[in-house]
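# Report on the structure
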Amino acid sequence: MGLLVIILGLAFVPDTKAKSKPPAVLSFTEYQQSTGNIDVELNVSPQAVEPGEPINVIVILTNNDSAIQAPEITLKIPEVLSFDLDELPSGTFYNAQTNEISWQPIVPGAGSSQSLNISLRSNVADIKTPEQKIVAILKSSGQEQTFTTSYWVGVRPTVNLSFDPPQAAVGQPVHLVGDVSGPGPITQIWSLGDGRIIDVSNPEVVYSTPGIYNIILQASNPLGSATNSGQITIVSQPIAHFSISDPAPIANEIVNFIDQSGGQSPLIYLWDFGDGITSTEKNPSHQYPSPGTYQVHLTIQNDVGTSETFLPVNVGLPPTADLIVDEFIDAGKPINGQAFFDDTTSKIHWDMGDGHVYEGGQITHVYWSAGVYQINVTASNEFGDTVLERWIDVNPGNLQLYLPLVIKGGGSSPGLEVLSNGNELEVLPEGEAEIALEPLELPPEMSLAEQLLAYINEARRIHNLQPLTPVTELSNAAQIHTDDMANLGLTGHEGSDGSSPALRVQLSGYPGGYGGEATAWGMQYAIEPVQYWLSSPAHKAIILNPAATDVGVAFSENYSAPNVWYWTAEFGSLGLPRVEVSLPSEEAASPSLTAPAPEIKLLGPPQNSEFALTSGTNLIFTWSWSEPLSAEQQFSIFMEANGRTFRIGSVRGSQPSNQYQFNVPSSNVPVTPGLHHWLVRLEDNSQALVLNETLSWPIVFHESGNDLSNPQPTGEPTPVEPSTELEPPTTPVPRSRSR
């Protein structure tokens, strides 16, 4: 068994122009061992550059085995770095979406080597994070190893210095302040003018002898150094100065007075605390019995002279506060809280004991679970806090949710059909117990349909309900209806073929019981439809149904449709029997509901969309595919232009929503201004086969001008008023309308 040794070397060479201290050093050497027979050496040279200067990444592979080896190296390149695609050597492949370079060399045996040299360049410097990492992944002999090295892009520092106080007495602390700008890490070296040299940033020093001292500050970063100097005069005459431990003490608090005076020893101290009490200690303590403003007077004296200083001390009390809140409440019912406080109060903070907090004198809150909760209210002013505690007993109440009702097809006065175990639906009164969702921190690669699922489960989490499991069959039914609405401008729950939600779920092959459908349109972000559904009693009963176990989600975008954005969620439960629903008529049966052969469907950007080739423009390609992907399958995105077709990236792994997304900066796509076409292929890597392929959609790139990468609909969406039927529940009006 061979030995794989990965050596990561990174050392910044000192700046030869610096006369004293070399620049700050970023260096490390890392050894990693793994079974294998390839030695890998990674070099970055130079490690510190200014913007625009080249950075060379060199990878050397050495084969210690007698047989030929074909390892793979993947370099993850930071987005701020650019390079010329035409200069990439043969055997390399660039993925524009992930900004990765893959290299698959053939390395002969018996100590032979192959090397890869790539010249990178950064035209800008990130002042906050000048040090960036390049991650490399080695795949060899069925094993994978990850290692990292760093480079630095920035400018040399600039430096000024000041002293506080600008003139000091012997023994008086002096704060040396370096005003340094430039990217770090930055080190400070201070020469104090009396032979002392210290390497502490912004130090506080004391001089024991009178005189004029020349202080020199040298600031260094990995690229170089800068120096500046100034003079400070140290005198033997006394200079009185002090500080206090608490700038806003309360009555009867112990206040410590800290001497910061200077002068030739010995020094005599006299403190007057402003309330008739005095002290001759160097660092005394004192208590003020009542609130007020006290003028503290310090006098110091030595053989050379006398100095005095004054400082007002404001002594106060924490605020006076009280509160009124109910002692008993039913779960799901709002409670009101009222805090009372004096004029000194600057902040009121409520902690409801269930993870929710509020600010202000009046609050309204809803407890969704029974129990005993402790409410803490904190009133604050400049002198401190007053904390009030109350307990509230939350009873279970009578909040019950069941699977919803659905409308039977046919007739102008439809009847109601219960699709559960005979339970009736209890609808909450309008506007009661509404939830205010907070935006979630979701991964940028998550599709909008997946975001919809995340917000549905977040609403259930708030109510201590189990999350719903995404199911492919339900998502297929949801996508059929969402596409139907987007393509034909429909709103509501009846499909263009007359199908009901329950029928679409049945035809999808879902084995469980139907649990309701929620639709929305005219809303761009996933949080909006869920927030609307929670404000509607009929929709809320579906979203927060404790008997539901599964969900399917879908999203469609069509800028030619009246309301642009369309959403559907289908709910179900494996614990309930499947209810068979008949087609409205044989003639109305839709071919799209008879299990068509799967195909890749392009969703966006729409045909003939226009984009500017600027660094701030992102290209977002979306498509749908109804079948799960195997481990060997992937989607590849291709661009066609000038008679040639080239790959710009790949996507692997199934998505529960059946929607896929490819996001890449336009600056990473090797295209020129003009007309191009994009398409998606489903590939089997194990057999090098193309399993499915879309038609190509046209897309136009411009050198400059308006960035149309986020096109907006022309004109206002057509408002659609919701119906008052219980089920299917109505969907919201367009987001441009207020409700």
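Residues numbered from 1 in each chain as written. Predicted model: local features only at pLDDT ≥ 70, side-chain atom pairs only at ≥ 80, totals over all residues. Heavy atoms only, no water.

## Some remarks on the overall build of the protein
For the record, the criterion: For helices the rule is a DSSP run of H or I covering at least 4 residues; for strands it is a run of E covering at least 2, with both sets numbered from the N terminus onward. Only protein chains enter the accessibility calculation, which uses a 1.4 Å probe. A residue is then buried if its area is under 20% of the maximum for its type, exposed if over 50%, and partly exposed in between. Residue contacts are defined here by distance: any two heavy atoms, one from each residue, within 4.5 Å place the two residues in contact. Surface accessibility follows the Shrake-Rupley procedure with a 1.4 Å probe radius. Residue values consider only the protein chains on display as shielding.
Within the protein one finds five helices and 49 strands. Split into buried and exposed, the 739 residues of the protein put 46% on the buried side. Contacts in the protein between residues far apart in sequence, at least 24 positions, make up 66% of those at least 6 positions apart. Accessible area of the protein: about 35200 Å², with a carbon and sulfur share of 50%.

## What to know about the sheet that holds strand β12 (residues 158–164)
Quick note on the threshold: Between any two strands, at least two bridges found by DSSP are needed for them to pair.
Pairing is antiparallel in the open sheet, where three strands are placed in the order β12-β14-β17. The outermost strands of the open sheet, each flanked by one partner alone, are β12 and β17 (204–205). Two elements, β12 and strand β14 (residues 174–181), share seven bridges in a ladder whose sense is antiparallel. Within β14, the residue paired with Val159 across the bridge is Val180.

## Topic: helix α1 (residues 448–462)
Note the following rule: The length a helix should cover is 1.5 Å for every residue beyond the first.
With 15 residues, α1 should reach 21 Å at 1.5 Å per residue; the first-to-last C-alpha distance of 21 Å fits that figure. The element α1 is largely enclosed, with a buried count of 13 among its 15 residues. At the C-terminal side of α1, Asn464 shows a positive phi close to 60°.

## Focus on the pattern of salt bridges
A pair can form between side chains of opposite charge whenever their charged atoms are brought close. Applicable threshold: The salt bridge definition used is simple: a Lys or Arg side-chain nitrogen within 4 Å of an Asp or Glu carboxyl oxygen.
Tallied over the full model, the rule gives eight salt bridges. A salt bridge links Glu100 to Lys76; its shortest N-O distance comes to 2.4 Å. Taken together, the residues span a long stretch of sequence, with Glu100 in strand β8 (residues 100–103) and Lys76 in strand β6 (residues 72–76) at a distance of 24 residues. Owing to a relative accessible area of 17%, Glu100 belongs among the buried residues under this scheme. Relative accessible area serves as the criterion here: at 33%, Lys76 is assigned to the partly exposed category. Between Arg504 and Glu517 there is a salt bridge; the shortest N-O distance is 3.0 Å.

## Quick look at the environment of Pro312
Its place among the elements puts Pro312 in strand β26 (residues 306–315). For Pro312, a relative accessible area of 46% corresponds to the partly exposed category. Pro312 sits 17 residues away from Gln295 along the chain, and the two C-alpha atoms are 4.4 Å apart.

## So, the environment of Glu632
On the secondary structure map, Glu632 appears in the loop between β43 (618–624) and β44 (633–641). On a C-alpha basis, the gap between Glu632 and Gly653 in space is 9.4 Å, while along the polypeptide they are 21 residues apart.

## What about the environment of Gly515?
Residue placement: Gly515 occurs in strand β38 (residues 513–521). Look at Gly515 and you get buried, because its relative accessible area is 1%. A C-alpha to C-alpha distance of 10.0 Å links Gly515 and Leu574, two positions 59 residues apart in sequence.

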